[in-house]
Amino acid sequence: MIALVFAAFLAFQEPALSPEARALIAPVAEAVAAEEARQAALPPPTSDRERLERMGVLDQVGRRAMTPVDLSVLPEAERQAAEAAMWTPLMALDERLMTELLTMVPPEGWFLKSVYGERAASAAFLIVQHSNIEHWRRFVPVLEPLVAEGEVDGQSYGLMYDRLADNEGRPQRYGTQVTCKAGKWVIDRANLEDPENADARRREIGFRWTLAEYEQVFADHPPCEEQP
């Protein structure tokens, strides 16, 4: 289904996308389609834990395929259409996974590591993280007290807290959401709460990298393009 959505989008956008652009972005939808086919051949999941683990693989497979894609090799006028086409199958999948996850939320409000295991709990976080502000507002307050209990990974909480803050126009607390400047992904230190103590906050909640080390992770990524 994802591959069909992708093909339909490309057909609609064909005047704006060259064969080179279509070849560049094709691996993203192909990776999703291949994983969906692999999972379709498996026996049905025997538990919500197994179901979440499979959902987590689907959430990540297209994004991993996207990482090496360098749209900067395309003419500037074509990049925006290529990026939109590349994201189309992922956005459709994100919405589907989030809808499915909402039917699974347990009475305690989250998928506790002690009940569902690390992989399934991480998958649930990624699916919510890739949804929208409505869901972040719902789950950030739920996650916060569970960090102290060891039931939620502190880094996961920090990532979702920052994404919510960034989208609400508030400073980030942990500096997890990078921005594009001069073609590179960097930490927006001007949009960081108490920047002098950010590394201490990161260490306290469980981040293993300082801000500078975290920023260096993105050094080898393909060039990005600043949004107007």
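Before any of the text, the structure's been laid out above.
Residues numbered from 1 in each chain as written. Predicted model: local features only at pLDDT ≥ 70, side-chain atom pairs only at ≥ 80, totals over all residues. Heavy atoms only, no water.

(A) Structural detail: the packing of helix 3 (residues 48–66) against helix 4 (residues 76–102). It is at 10 Å that the axes of helix 3 and helix 4 come closest, and there the two elements cross at 165°. For the element pair helix 3 / helix 4, the angle class is roughly antiparallel. The handedness of the crossing between helix 3 and helix 4 comes out as left-handed. Within the contact between the two elements, helix 3 uses Arg51, Leu52, Met55, Leu58, Asp59, Gly62, Arg63 and Met66 and helix 4 uses Met86, Trp87, Leu90, Leu93, Asp94, Arg96, Leu97, Glu100 and Leu101. In terms of residue class, the contact of helix 3 with helix 4 is built from ten nonpolar, one polar and six charged. (Axes fitted to C-alpha atoms, helices over the stretch in contact; angles between N-to-C directions. Helix = DSSP H or I, 4+ residues; strand = E, 2+ residues; numbered from the N terminus. Parallel < 35°, antiparallel > 145°, perpendicular 65-115°, else oblique. Left-handed = near helix turned anticlockwise from the far one by under 90°. Contact = heavy atoms within 4.5 Å. Nonpolar A, V, L, I, M, F, W, Y, C, P; charged D, E, K, R; others polar.)

(B) Molecular detail of the side chain of arginine 63. Among the secondary structure elements, arginine 63 is positioned in helix 3. A distance of 2.7 Å separates a polar atom in the side chain of arginine 63 from a polar atom in the side chain of aspartate 94. Excluding anything up to four places from it in sequence, arginine 63 contacts Trp87, Leu90, Asp94 and His130. (Polar contact = N/O pair within 3.5 Å; in protein donor to acceptor, adjacent residues only side chain to side chain.)

(C) Main features of the nonpolar core. Of all hydrophobic cores here, the largest spans 49 residues; its most connected members are Leu52, Leu101, Trp110, Phe111, Val128, Tyr157 and Met160. Sorting the residues of this core by element identifies helix 2 (19–40), helix 3, helix 4, helix 6 (118–129), helix 7 (133–148) and helix 8 (154–167) as the ones contributing at least two each. Considering each element in turn, this core owes the most residues, nine residues, to helix 4. In this view, valine 128 contacts Met98, Leu101, Trp110, His135, Trp136, Phe139 and Met160; residues no more than four positions away in its chain are not counted. By size, the runner-up hydrophobic cluster in this structure holds six residues, among which are Leu192, Ala198, Leu211 and Tyr214. (Core = buried A, V, L, I, M, F, W, Y, C linked by side-chain atoms within 4.5 Å. Buried < 20%, exposed > 50% of the residue type's maximum accessible area, 1.4 Å probe, protein only.)

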